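# Remarks on the overall topology
Each chain is listed here by its residues.
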Amino acid sequence: MNFVKCFDVAEMVIDEAAKRFNPLWILNTESFETFRQYCSVIDSISDKVEAEALTVSVDEISLQLEITLSCNNNLNVNFVFPSLWDKVSIQNKSKGVRYNGME
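Model, not experiment: these values are computed from the prediction.

### Here we look at the overall build of the protein
- Helix and strand counts for the protein come out as three helices and five strands.
- Burial analysis of the protein (103 residues in total) assigns 36% to the buried set.
- Long-range pairs, those at least 24 residues apart, make up 59% of the contacts in the protein between residues at least 6 apart in sequence.
- Of the roughly 6400 Å² of accessible surface on the protein, a fraction of 50% belongs to carbon and sulfur atoms.

This is the structure:
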């Protein structure tokens, strides 16, 4: 599945979720960068297991991210990541944590 990169798909989903969660939750840029590195590993795994599809979702209650690789032998490989968002507080606002220009 070389044509779709995990981070490209995840970034679109995260961007949309960040808009919905704002202003109560703010994306933690450090966690976001770590997640970017995990995505490159998932791309390698996707190639090894010859995944046919990749889906990314965000649980709107727990704010966890889930990435699922679907393979041709009815096997799904799921990766679950803790929330990339922090609850907005006076401290977070003063740090100026941003994602796509949003505070």
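### So, the pairing of strand 4 (residues 76–81)
- Where strand 3 (residues 65–71) meets strand 4, six bridges bridge the pair, whose relative direction is antiparallel. The residue bridging L65 from the neighbouring strand is F81, located in strand 4.
- Two successive antiparallel strands, strand 3 and strand 4, enclose a turn made up of four residues, where N74 displays a positive phi of approximately 60°.

### A look at the sheet that holds strand 2 (residues 51–58)
- Pairing is antiparallel across the open sheet formed by three strands, whose spatial order is 2-3-4. At either margin of the open sheet sits one strand with a lone partner, and together these are strand 2 and strand 4. Here the average twist between neighbouring strands, direction ignored, is 15°.
- Across seven bridges, the pairing between strand 2 and strand 3 is antiparallel. Residue pairing in the sheet places T55 in a bridge with T68 of strand 3.
- Packed onto the sheet, helix 1 (residues 6–21) meets strand 2 and strand 3 and runs at close to 20° relative to strand 2.

### A closer look at the nonpolar core
- Counting 25 residues, the largest nonpolar core has I14, F35, L65, I67, L84 and W85 as the members making the most contacts within it.
- Among the secondary structure elements, those contributing two or more residues to this core are helix 1, helix 2 (29–48), strand 2, strand 3 and strand 4.
- No other element matches helix 1, which puts eight residues into this core.

### What about the environment of F21?
- Here F21 is to be found in helix 1.
- In this structure F21 comes out as buried when scored by relative accessible area, which is 7%.
- With residues up to four places along the chain from it excluded, the contact list for F21 reads V58, E60, L63 and W85.

### Points about unusual backbone geometry
- In this model, N22 is joined to P23 through a cis peptide bond whose omega is 10°.
- Along the chain, P23 turns up in the loop between helix 1 and strand 1 (25–27).
- Of note in the backbone geometry, E50 takes a positive phi value of approximately 55° without being a glycine.
- You can see E50 is positioned in the loop between helix 2 and strand 2.
- What makes E50 exposed here is its relative accessible area of 55%.
- Located in the positive-phi region is L63, a residue other than glycine, with phi close to 65°.

Scoring rules and cut-offs
Residues numbered from 1 in each chain as written. Predicted model: local features only at pLDDT ≥ 70, side-chain atom pairs only at ≥ 80, totals over all residues. Heavy atoms only, no water. Helix = DSSP H or I, 4+ residues; strand = E, 2+ residues; numbered from the N terminus. Buried < 20%, exposed > 50% of the residue type's maximum accessible area, 1.4 Å probe, protein only. Contact = heavy atoms within 4.5 Å. Areas by Shrake-Rupley, 256 points an atom, 1.4 Å probe, with all protein chains shown as cover. Pairing = 2+ DSSP bridges. Axes fitted to C-alpha atoms, helices over the stretch in contact; angles between N-to-C directions. Core = buried A, V, L, I, M, F, W, Y, C linked by side-chain atoms within 4.5 Å.

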